[in-house]
Amino acid sequence: MSIQCAHLTKRFGDKVIALDDVSVTLEREKIYGLLGRNGAGKSTLMGLLADRVRPTSGTMTIEGKPLHNNTGRVYMMSEETLYPENLKVRDVFRWTGEFYGGFDHDLADRLCGEFGLDRKKKAGTLSTGYKTIYKIITALCVDADYIFLDEPVLGMDAGHREIFYKALLETYMARPRTFVVSTHLIEEVTGVIEDVIIIDRGRLLKTASVEDLLRSGYNVTGAIGAVDEYCRGRDIIGYDTVGGIKTASVLGKAENVPDGLTVSPLDLQKLFIRMTEHKEGTRYE
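Everything numeric in this text was worked out from a predicted model, so none of it was measured.

Participant: I'd like a rundown of the pattern of salt bridges, residues and numbers included.
Facilitator: On inspection of all chains with the given rule, the structure shows 21 salt bridges. With its nearest N and O atoms 3.4 Å apart, the salt bridge here joins E27 to K30. Across the salt bridge formed by R175 and D145, the nearest N and O atoms sit 3.1 Å from each other. Of this pair, R175 sits in the loop between α5 (158–174) and β8 (178–182) while D145 sits in the loop between α4 (128–141) and β7 (146–150); the two residues are 30 residues apart in sequence, bridging distant segments of the chain.

Participant: So, the sheet that holds strand β2 (residues 16–27): which residues are in play, and what are the values?
Facilitator: Within the open sheet, the four strands sit side by side as β2-β1-β4-β5. Their pairing is antiparallel. If you trace the sheet from one side to the other, it starts and ends with β2 and β5 (65–66), each paired once. Along the sheet, helix α1 (residues 42–49) makes contact with β1 (2–12), β2 and β4 (57–62), crossing β1 at roughly 120°.

Participant: Outline helix α3 (residues 105–115), listing residues and values.
Facilitator: Since the α-helix turns once every 3.6 residues, residues separated by three or four places project in the same direction. Within α3, the full set of buried residues consists of L107, A108, L111, C112 and F115. Take α3 and look down its axis: the buried residues cluster within an arc of 135°, on one side only. Across from the buried face of α3, at angles greater than 90 degrees, the exposed residues are D106 and G113. Contacts from the buried residues of α3 go to α2 (89–100), α4 and α5. Looking one or two residues beyond α3, the residue adopting positive phi is G116, at roughly 75°.

Participant: Residues and numbers for the packing of α3 against α4, please.
Facilitator: Here α3 crosses α4 at 155°, and the two axes come no closer than 10 Å. In terms of axis orientation, α3 runs roughly antiparallel to α4. Between α3 and α4 the crossing geometry is right-handed. On the side of α3, the interface is formed by L107, A108, L111, C112 and F115, while α4 contributes Y130, I133, I137, L140 and C141. Considered class by class, the residues forming the contact of α3 with α4 number 10 nonpolar, no polar and no charged.

Participant: Which residues make up helix α8 (residues 224–231), and what values do they have?
Facilitator: For α8, the full list of buried residues reads V227, Y230 and C231. Buried residues along α8 cover an arc of 95° about the axis, so they all sit on one side. Turned more than 90 degrees away from the buried face of α8 sit G225 and E229, all of them exposed. Packing partners of the buried residues in α8 comprise β11 (217–223), β12 (235–242) and β13 (245–251). Of the residues flanking the end of α8, it is G233, one or two places downstream, whose phi is positive at about 85°.

Participant: Which residues make up the pairing of strand β9 (residues 195–200), and what values do they have?
Facilitator: Side-chain positions along a regular strand alternate between the two faces of the sheet. Counting buried positions over the six residues of β9 gives six, a clear majority of the element. With burial as the criterion, each face of β9 is covered, one bearing D195, I197 and I199 and the other bearing V196, I198 and D200. As paired strands, strand β3 (residues 31–35) and β9 are joined by four bridges and run parallel to one another. Opposite L35, over in β9, you have I198 as the bridge partner.

Participant: Got a sec to walk through the sheet that holds strand β6 (residues 74–77)? Specific residues and values, please.
Facilitator: Remark on secondary structure: sheet strands pair via backbone hydrogen bonds, oriented parallel or antiparallel. In space, the six strands of this open sheet follow the order β6-β7-β8-β3-β9-β10, with mixed pairing throughout. Among the strands making up the open sheet, the edge pair consists of β6 and β10 (203–209). Across the sheet, the mean angle separating the axes of adjacent strands is 15° when strand polarity is ignored. Relative to β7, β6 runs parallel, the two sharing four bridges. Of the residues in β7, the one forming a bridge with Y75 is I147. In the packing of α4 onto the sheet, the strands contacted are β6, β7 and β8, and the crossing angle to β6 comes to about 165°.

Cut-offs applied
Residues numbered from 1 in each chain as written. Predicted model: local features only at pLDDT ≥ 70, side-chain atom pairs only at ≥ 80, totals over all residues. Heavy atoms only, no water. Salt bridge = Lys/Arg side-chain N within 4 Å of Asp/Glu carboxyl O. Helix = DSSP H or I, 4+ residues; strand = E, 2+ residues; numbered from the N terminus. Pairing = 2+ DSSP bridges. Contact = heavy atoms within 4.5 Å. Axes fitted to C-alpha atoms, helices over the stretch in contact; angles between N-to-C directions. Buried < 20%, exposed > 50% of the residue type's maximum accessible area, 1.4 Å probe, protein only. Arc of directions from axis to C-beta. Parallel < 35°, antiparallel > 145°, perpendicular 65-115°, else oblique. Left-handed = near helix turned anticlockwise from the far one by under 90°. Nonpolar A, V, L, I, M, F, W, Y, C, P; charged D, E, K, R; others polar.

And the structure:
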């Protein structure tokens, strides 16, 4: 069972196309990374899936039923604040549980302690980082089957981000659900997500498991001339050069690598950058 989107297009006005013919399936009980550069359409896609935005065309179903007006099993956390700012954090938790039919208050209490969040404070008085934290706690504790996290670590320091990633994995193991995490901190989230959905300029560029994506190629590093010689006739998606040392990101299997060159795994963040570059001669299919 899953959420299925078919040929989703979203236009704003006559000229702005935020999403263009996107078809994607979100399977049950997986953690997805939704990746894309600024303005790629990630927030628009999440808004559609949470039924906050209506598509210009296309269809969305949740377990075979129309998604529209059937989103009681879907929760979205975003930068936008939907609760009154004079509402206390503990009341946000209570009302969320009332609406969704369940809320893990024990987990919320523990996470408030780990993050140092005072449940009695009003949401509107919190700093940017703590506004993000109370939204994260709400998302992790709500009784929903599909949870969308749009830039969930906005304004958080490194220590709090580590608490979040740990809590995400713990709650996923305790109560498996589908999480979709949209973030620019790709290096940090690589160890958490299972699959990636990459959107580029409003169109779906790639869907794959992280494991398969990283196994699709490799890096080879060495002296510039040696790397250039090795790369002739191979499928190259990008280069990095520092001084006299060059690294090439190569698609395919590492074969016949000569002495003097070092092979290393692809890095998801660098691979994403290469995939979404728009320069003549770079490509990814």
